[in-house]
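Listed below are the residues making up each chain.
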Amino acid sequence: METNKADVIVVGAGPVGLLTALGLAQQNKRVIVLDKDSTLNDSPRAQTYMDPTLQLLEKLGIVHKAEEIGVHCDKINWVWPADDFILPIHTKQAEPNRVYPYNIHFGQEVLGAFAMEAFLKHKESEVRFNHQVVAIDQHKTGATVKCETPNGTELLHADWVIGADGASSTVRDILGMEAEGFTWPDRFITTNVHYDFEKHGWANVHMICNGDDWGLVSRINRGDLWRVTFGEDANGTMESWEASIPKHYRSIMPTDGPYEIESWAPYRVHERCVPNFFVDRVILAGDSAHLCNPCGGRGLTGGLQDVDHLLQSFERIDQGADPIKELTEYADTRRKVFLEVNSPFATLMKQTWQRTDRDEQREDQERMKTVAAGKSKISLTGIEGRNQQQAS
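My aim in this report is to walk through the structure given alongside it, one point at a time. Source: prediction; values computed, not measured.

About the criteria used
- Sequence positions are assigned chain by chain, starting from 1 and proceeding in written order.
- Where totals are concerned, whole chains, interfaces and linings use all residues; where local detail is concerned, this predicted model gives features only for residues with pLDDT of at least 70, and gives and counts side-chain atom pairs only at 80 or more.
- Only hydrogens and water are set aside; all other atoms, that is, all heavy atoms of the structure, feed into the side-chain values.
- In this text, helices come from DSSP runs of H or I with a minimum length of four residues, and strands from runs of E with a minimum of two, each type numbered from the N-terminal end.
- A radius of gyration in this sense is built from C-alpha atoms; the matching globule rule multiplies 2.2 Å by the number of residues raised to 0.38.
- Note on contacts: a residue pair qualifies if any of its non-hydrogen atoms lie within 4.5 Å across the two residues.
- Note on areas: Shrake-Rupley with a 1.4 Å probe; residue coverage comes only from the protein chains shown.
- Only four residue types enter the tally: Lys and Arg on the positive side, Asp and Glu on the negative side; His and the chain ends are excluded.
- A charge is said to be at NZ when it belongs to Lys, at CZ for Arg, at CG for Asp and at CD for Glu.
- In this analysis, strands are considered paired if DSSP registers two or more bridges between them.
- Relative accessibility thresholds used throughout: buried, under 20% of the residue-type maximum; exposed, over 50%; partly exposed, between the two (1.4 Å probe, protein chains only).
- Here is the rule: rings of Phe, Tyr and Trp (six-membered ring for Trp) pair when centre to centre is within 6.5 Å. Planes less than 30 degrees apart are stacked, more than 60 are edge-to-face, and the remainder are tilted.
- For helices, the fitted axis covers only the stretch in contact; all axes are lines through C-alpha atoms, and the angles between them, taken along N-to-C directions, range from 0 to 180 degrees.
- One side-chain nitrogen of Lys or Arg within 4 Å of one carboxyl oxygen of Asp or Glu is enough to make a salt bridge.
- By nonpolar core is meant a set of buried Ala, Val, Leu, Ile, Met, Phe, Trp, Tyr and Cys residues that side-chain atoms within 4.5 Å join together.

## Some details on the overall build of the protein chain
Tallying secondary structure elements over the protein chain gives 10 helices and 19 strands in all. On C-alpha atoms alone, the protein chain measures out to a radius of gyration of 21 Å, which is about the 21 Å that the 2.2 N^0.38 rule sets for 392 residues. The principal-axis extents of the C-alpha atoms in the protein chain amount to approximately 65 × 45 × 40 Å. In the protein chain, 71% of the contacts between residues at least 6 apart in sequence involve partners at least 24 apart. Counting only carbon and sulfur atoms, one obtains 47% of the accessible surface of the protein chain, whose full area is about 16600 Å². The average position of the 41 basic charges and that of the 57 acidic charges among the side chains of the protein chain differ by 3 Å.

So, in structure tokens, the structure goes:
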């Protein structure tokens, strides 16, 4: 077989791209994954895998990997320090219809690594790093992807191209599309830190609702590595953001005891979506198509729901369904879910964490009590059949 010819080219070797590639390889497609970097990204990113994601990993035959390495989390503590009030939310009680009664925590880079391992076990599956996509020439029966590599220009051909190359998507830019919406006026600072929160009685997740001193603390692995996230001025610098870490830790952590920061990174926070996820022979998925603030975990979860839908679309196409109809339905549905479900939910969570008005904080507490009791219209996991954007 021609080495630069594939059924599908996936641009982006993040979890969305690699899990899409794995699912398509399992459908007996030749898939080539391209990524501009030299290796998988290992910066602190998503780490929580909820029921829809675990069901997807089960379909792909790799959920056992998540079970083996991850931390099970069946309780989330919502904390309002001003009232000295902690509300534990037990996942199965809040959502009795879950298939998996818990979330699983581990670093996004670990998911990428074992997704790539499973993908590369398939015949003629490839991941090509140091391949910067610079152009896509679409025609009636496929597309030609032009890449710049350390060895010069390379042309690859495929029936379909899937852009899963993240927030700064080159594929999206090549299509001439902008992600419409807005960017929040703050930066999220994400830190991975060695500290024994468990010794102080903390649950695996603490969501701290405290105005400018809000914070998210969650366990990453079975050792003492935890994720601590907080907000900072978007107009700061790398130096000022790093210098702010001790101040935020003093307001978040239970003691002033020693800690060891393993890594940290600042992130812009967006609510943006492209007008169309599907243009001729090119399909967008994950952050290439939509950018969601990470509060409540809808960023990666929403991207992996794209993967699940897209794999089902290709399966139906193989069974004789009309490709244009199937992929248009994918594009329309996923855009609608982002605009009407995931982004509104993430916005609600962000506002709840950052609320300063005391009366509104107490209203939030009452709303979250209904979630804890399993009586809310809000879904913590992103199940689309519920009217999540409305609080009961």
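## Quick notes on the sheet that holds strand β4 (residues 71-73)
With antiparallel pairing, the 3 strands of this open sheet are ordered in space as β3-β7-β4. Looking at the sheet topology across the chains shown, the edges are occupied by β3 (48-49) and β4. Direction of pairing for β4 relative to strand β7 (residues 103-105): antiparallel, over a ladder of 3 bridges. Following the sheet pairing, valine 71 is matched in β7 by histidine 105.

## Focus on unusual backbone geometry
At asparagine 28, a residue that is not glycine, the phi angle is positive and equals roughly 65 degrees. Owing to a relative accessible area of 73%, asparagine 28 belongs among the exposed residues under this scheme. One non-glycine residue, asparagine 130, lies in the positive phi region at around 55 degrees. With respect to the secondary-structure elements, asparagine 130 resides in the loop between β8 (126-128) and β9 (132-139). Residue asparagine 130 is classed as partly exposed on the basis of its relative accessible area of 32%.

## A word on the packing of aromatic side chains
If you walk through the whole model with that rule in mind, you get 15 aromatic pairs. Residues tryptophan 160 and phenylalanine 314 carry aromatic rings whose centres are separated by 6.2 Å and whose planes lie at 80 degrees to one another, so their mutual orientation is edge-to-face. Of this pair, tryptophan 160 sits in strand β11 (residues 152-163) while phenylalanine 314 sits in helix α8 (residues 298-318), placing them 154 residues apart in sequence. Here tryptophan 160 and phenylalanine 314 have matching classes, each one buried. Plain terms: the ring middles of phenylalanine 182 and tryptophan 184 are 5.1 Å apart, the flat faces sit at 70 degrees to each other, and that makes the pair edge-to-face. Take phenylalanine 182: its relative accessible area is 39%, and that puts it in the partly exposed class. Among the aromatic side chains, those forming a connected cluster through ring pairs are Tyr195, Phe197, Trp202 and Trp226.

## Comments concerning the environment of valine 193
Structurally, valine 193 can be placed in strand β12 (residues 180-194). In this structure the C-alpha to C-alpha distance between valine 193 and glycine 223, which are 30 residues apart in sequence, comes to 11 Å.

## Focus on the sheet that holds strand β5 (residues 75-80)
Strand order in the open sheet formed by 8 strands is β6-β5-β13-β14-β15-β12-β16-β19, with mixed pairing between adjacent strands. Looking at which strands have only one partner, the edges of the open sheet turn out to be β6 (85-90) and β19 (290-292). For this sheet, the mean angle separating the axes of adjacent strands, direction not counted, is 25 degrees. Two strands pair when backbone bridges link them, and β12 and strand β15 (residues 225-233) are joined in this way by 9 bridges, in the antiparallel orientation. Directly across from histidine 194, in β15, lies its bridge partner leucine 225. The sheet contacts of helix α10 (residues 358-372) involve β5 and β6, and relative to β6 the element is tilted by about 25 degrees.

## Side note on the side chain of arginine 187
Its place among the elements puts arginine 187 in strand β12. Lacking a salt bridge, the buried arginine 187 has aspartate 233 as its closest oppositely charged neighbour, with an N-O distance of 8.4 Å. Setting aside residues no more than four positions away along its own chain, arginine 187 makes contact with Phe230, Gly231, Glu232, Asp233, Ala234, Trp241, Pro266, Tyr267 and Arg268.

## Description of the nonpolar core
Counting 73 residues, the largest nonpolar core has Ile9, Leu19, Ile283 and Phe314 as the members making the most contacts within it. Among residues more than four places away in sequence, those in contact with isoleucine 283 are Trp160, Val161, Ile162, Gly163, Phe277, Phe278, Leu310, Phe314, Leu327 and Tyr330. Residues Ile76, Trp80, Phe188 and Leu348 belong to the second largest nonpolar core, which totals 24 residues.

## A short note on the pairing of strand β13 (residues 205-208)
In β13, alternate side chains face the same way, and those of Val205 and Met207 on one face and His206 and Ile208 on the other are all buried. Inspection of the sheet shows β13 paired to strand β14 (residues 215-219) by 4 bridges, in the antiparallel sense. Opposite valine 205, over in β14, you have serine 218 as the bridge partner. The antiparallel pairing of β13 with β14 creates a hairpin that spans 6 residues between the two strands, and glycine 211 there sits at a positive phi of about 60 degrees.

## A few points about the pairing of strand β10 (residues 142-149)
Burial within β10 is extensive, with 6 of its 8 residues counted as buried. The antiparallel hairpin formed by β9 and β10 contains 2 residues in its connecting segment. Sheet topology places β10 next to β11; 7 bridges connect them, and they run antiparallel. Paired with lysine 146 across the two strands is leucine 155, which belongs to β11. Where β10 folds back onto β11 in an antiparallel hairpin, the turn is made up of 2 residues.

Limitation: the analysis is restricted to geometry and does not speak to function.
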